[in-house]
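# Descriptive structure summary
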Amino acid sequence: ELKETVFVIQSQSNSFHSKRAEDLKRDILNQAVDLGKELPTVLLIHQIDKHEGAWTILPLMRDFSVTYGRNSSWIFFCEEDTRIQIVKLLETLRRFDKSKEWFLGKALYDEESTIIHHYAFAENPTVFKFPDFAAGWALSIPLVNKLAKKLKSEPLKSDFTIDLKHEIALYIWQKGEGPHLTPVPEFCTDDVNSYKFDHCATTFSNFLPLCGEPVNKEDVFVAVKTCRKFHGDRIPVVKQTWEREAALIEYYSDYADISIPTIDLGVPNTDRGHCGKTFAILERFLNHTSPRTPWLVVVDDDTLISIFRLRKLLSCYDPSEPVFLGERYGYGLGTGGYSYITGGGGMVFSRTAVQKLLASKCRCYSMDAPDDMVLGMCFSGLGIPITHSPLFHQARPIDYPKDYLSHQIPVSFHKHWNIDPVKVYFTWLAPDREESHNGKKVGYTREDL
């Protein structure tokens, strides 16, 4: 029965994202009304709990078990852009015995071992399957109760959350003591216009949001972090690839090189982290750029980014809000902790966010502290949530499952290690490859990079 299914939407508190999640909730409830069914419970993650780690799901299992453990059968998780055909979803779930432990989803796997999964299953990474959240995924209540019991006796360790979908699958699997993911073909990431639509209980159509005209080139200030030892190999890649997309760009280094040109901020280069340099960039943005420039992007010199696509994405955000946008990681979220935007994929700030941050007393605890983590800690302390976008990537295209990237139009990748970064840029990010027809992909093949 529909009332026995609890829907959990991976929502965010930013106004653009919360509206999309509310729209999905309304659609689910409207479908229930049309079917003459009792209304199901629909939860929005950002409203469930003030706990910073709610988005990592596992800290909520005990609450789910207490609240829904007796009268529900399934907890179904989805993203704000997942579209659900309720009738088809109920048909699909009925195929599985709700009294048993089930972990259902669309299966992803690594083709080769990758740093973002700590090189798990290095001998044969294809054996371990984990769910594509965009297609939706489900846990039976007996499994939720089991996880809640385990979490009560063994609290989550205070550690990093890097790729949640993989880490949840590992936690559930428990080195063979728990269930593997069961692939469900009706959980789809095809577009609603796909020929497979009738077969799918879920679809996913969000390639790249566009909420009006892309923001102007002059509204985005780009700060590139570099240092003298990389002037000769990394900066030429930026100049061959995405620099031309940026109207306002400055290179910040520990050495002033007029041929680039770079600006010496007076902050020595450090190997461990770049907190001092990043805060100097934030100060400079606030004090030495036009107050009419609403957006700042801070990237590493080995970040590959599409400023063209970023300008489209930023059309969906209100720069009068304190926006801190990029790929979200977490630290210590099982025990409080905080979320942060990982630096390599690019960190995007509204001017309002920079103003609020610098008006606070929050600063680097050392010049070589990890800048992205300190920023996450500071914004968390200010009560400003970070905003996650899966279109930013801390690693290279080969570090992600092909099927996961197939329903994205990425904004960034990071690192030049063992790849041709110019080739990666022109294959994945260059604007002349841009899909231009009604938000759909225009046929070009991405090489196996």
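Small disclaimer: the values here were computed from a predicted structure and weren't measured.

### Details of the sheet that holds strand S10 (residues 182-183)
Taking strand neighbours across the sheet as the criterion, the six strands line up as S2-S1-S3-S8-S5-S10 in an open arrangement whose pairing is mixed. Pairing within the sheet leaves two strands with one partner each, and these edge strands are strand S2 (41-44) and S10. Pairing geometry for strand S1 (residues 5-10) and S2, over four bridges, is parallel. What sits directly across from Ile9, in S2, is Leu44. Against the sheet, helix H5 (residues 141-153) makes contact with strand S3 (74-79), strand S5 (103-105) and strand S8 (137-140), and its axis sits at roughly 75° relative to S8, the strand it touches most.

### Thoughts on the domain arrangement of the protein
Taken as a whole, the protein is organised into domain 1 (2-204) and domain 2 (217-435). Computed from C-alpha coordinates alone, the two centres of domain 1 and domain 2 are separated by 30 Å. For the domain 1 and domain 2 pair, buried surface summed over both sides reaches about 2,800 Å², with 54% attributable to carbon and sulfur atoms. In terms of surface lost to domain 2, no three residues of domain 1 exceed Glu52, Trp55 and Phe160, which account for 19% of the buried area on that side. One salt bridge connects Asp403 with Lys106, and the closest N-O pair in it is separated by 3.1 Å. Our count for the domain 1 to domain 2 interface comes out at 10 residue pairs in polar contact (both at pLDDT 80 or more). Secondary-structure elements contributing two or more residues to the side of domain 1 that touches domain 2 are helix H1 (15-34) and strand S9 (160-161). Looking at which element gives the most residues to the side of domain 1 that touches domain 2, the answer is H1, with three residues. In terms of residue class, the side of domain 1 that touches domain 2 is built from 14 nonpolar, 12 polar and eight charged.

Conventions used here
Residue numbers run consecutively from 1 along every chain, following the written order of its sequence. It should be noted that, the model being predicted, local features are given only for residues of pLDDT at least 70 and side-chain atom pairs only at 80 or more, the latter also being counted only at that level, while totals for whole chains, interfaces and linings use all residues. The basis for every side-chain value is the complete set of non-hydrogen atoms in the structure, without hydrogens or water. Strand pairing is assigned whenever DSSP detects at least two bridges linking the two strands. Elements are defined by DSSP. Helices are runs of H or I of four residues or more, strands are runs of E of two residues or more, and each kind is numbered from the N terminus. By the convention used here, residues are in contact when the closest approach between their heavy atoms is within 4.5 Å. Convention adopted: a line fitted to C-alpha atoms gives each axis, helices being fitted over their contacting stretch, and angles between N-to-C directions are expressed from 0 to 180 degrees. The domain limits used here are those given by an automatic or database domain assignment. Put simply, buried area is how much 1.4 Å-probe accessible surface two parts lose in total, over both of them, once they are put together. Salt-bridge detection follows one rule: a side-chain nitrogen of Lys or Arg within 4 Å of a carboxyl oxygen of Asp or Glu. Polar contacts, as counted here, are pairs of nitrogen or oxygen atoms within 3.5 Å of one another; within protein the pair requires one atom able to donate a hydrogen and one able to accept it, and residues that are adjacent in sequence qualify only if both atoms are side-chain atoms. By the convention adopted, Pro, Cys, Tyr, Trp, Phe, Met, Ile, Leu, Val and Ala count as nonpolar, Lys, Arg, Asp and Glu as charged, and the other residues, Gly among them, as polar.

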